[in-house]
Structures are given as C-alpha cells and as structure tokens.
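Close look at the chain arrangement
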Amino acid sequence: MSLSFFDILNFECGEPEKYGFSKTYFLENIKDKIKVVESEDAALKLRNKKVLVKVEKYPMSLELIRGFWKKDALFLLDISDILDSSGGKRASIIKRMRNFTRLCLKYKVPFVLASFGKNETGMRTADELVHIGFLIGLNRGEGRAALSKMEEILE
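Structure report, in brief. (Residues numbered from 1 in each chain as written. Predicted model: local features only at pLDDT ≥ 70, side-chain atom pairs only at ≥ 80, totals over all residues. Heavy atoms only, no water.)

Some details on the nonpolar core
Ranked by size, the top nonpolar core spans 40 residues in total, and within it V53, L64, F68, F75, F100, L113 and I136 carry the most contacts. Elements with a minimum of two residues in this core: α2 (40-44), β4 (52-55), α3 (62-67), β5 (74-78), α5 (87-106), β6 (111-114), α6 (126-135) and α7 (140-148). It is α5 that provides the largest number of residues to this core, a total of six residues. Once you skip the residues sitting within four places of it in the chain, F100 turns out to touch Y58, P59, M60, L64, I65, F75 and L77. Ranked by size, the runner-up nonpolar core spans 14 residues in total, among them Y25, I34, V112 and I153. (Core = buried A, V, L, I, M, F, W, Y, C linked by side-chain atoms within 4.5 Å. Buried < 20%, exposed > 50% of the residue type's maximum accessible area, 1.4 Å probe, protein only. Helix = DSSP H or I, 4+ residues; strand = E, 2+ residues; numbered from the N terminus. Contact = heavy atoms within 4.5 Å.)

Focus: the side chain of S148
Mapped onto the fold, S148 is located in helix α7. In terms of polar contacts, S148 uses its side chain to reach the backbone carbonyl oxygen of A145, at 2.9 Å. (Polar contact = N/O pair within 3.5 Å; in protein donor to acceptor, adjacent residues only side chain to side chain.)

Focus: α7
What α7 keeps buried is the set G143, A146, L147 and S148. At its buried positions, α7 is contacted by β1 (6-9), β6, α6 and α8 (151-154). The distance from a side-chain oxygen at the start of α7 to the backbone nitrogen of G141 is 3.0 Å, and the residue carrying that oxygen is N139.

This is the structure we're talking about:
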C-alpha cells in the first residue's frame, strides 16, 4: 500500500500529482486549521483541538512534546523556515528543528511537514521534502509519514 502525500502552499496548485502529492492545500482556504504560536503555553491550550500547531523557534521542551501525546492536534514543521534562510540562521533553524523532531520521535508524538511554497517555481516535490527531512534527522520512513498525516486534520 502506498502512502498519500500532502502539502500546504501559499498558492493554488492545479496539478499536485506532478509533484508527487495526492493533494495540496491552499493556505488561504485552511488558515483556520493552522495555528502559529509564540509560546509553549499557547501551544498546550490547542492540543485538544483538531489543528496543526507551529510553535515558533521549535523549543526543546519535554513538557510541550509530552503534552501533545495522544492528543487531537499535530505539530507543524514549516520547511520554508529552512528554505527561506541561509548561513548561520539556516544552521540554527535546522538544529532547533532536529532537536524538536528528535523529542517528538522519542515520545511518539506525531508531526507533519509542509513546504508553504510561494509559487510553482519554488515548489518542492514530495521526494525533495523527504530529503530535506534528512537534514532535520528524519529517515525516509519518518519523512514520508510526516507528509502523509495532515489529511486527518485538514479534511
């Protein structure tokens, strides 16, 4: 059985299959299902809602990670944070994401990856996102699983 892959974009993509996705979501249409928060406390308040939660700066917090165990919300890792930065800032983001995903994997807390591509020329394929996942410490199976989970929240 093959997995279905999903992505969230900042533009409407007419042919997601061309990029290896079963479906892409236009951010404008699903923005009520995505919550970007600055603090751990704000994230923990969302854990029982069916939303994708992006916690700014991907904190190393055992309380935060374990708080999402077997809850309705999923963590969202925004790959554009990596793609839109360079140099030391990019290295810092990769390190924080790697530590964050390591804790998620250790405590079996699910998360999703999304590219938030701004246009078709900047769009990444599903395989490219899996390979970017290698940078943050994911193996192929973990990267593919992270691309296949968001449908349970967004549908």
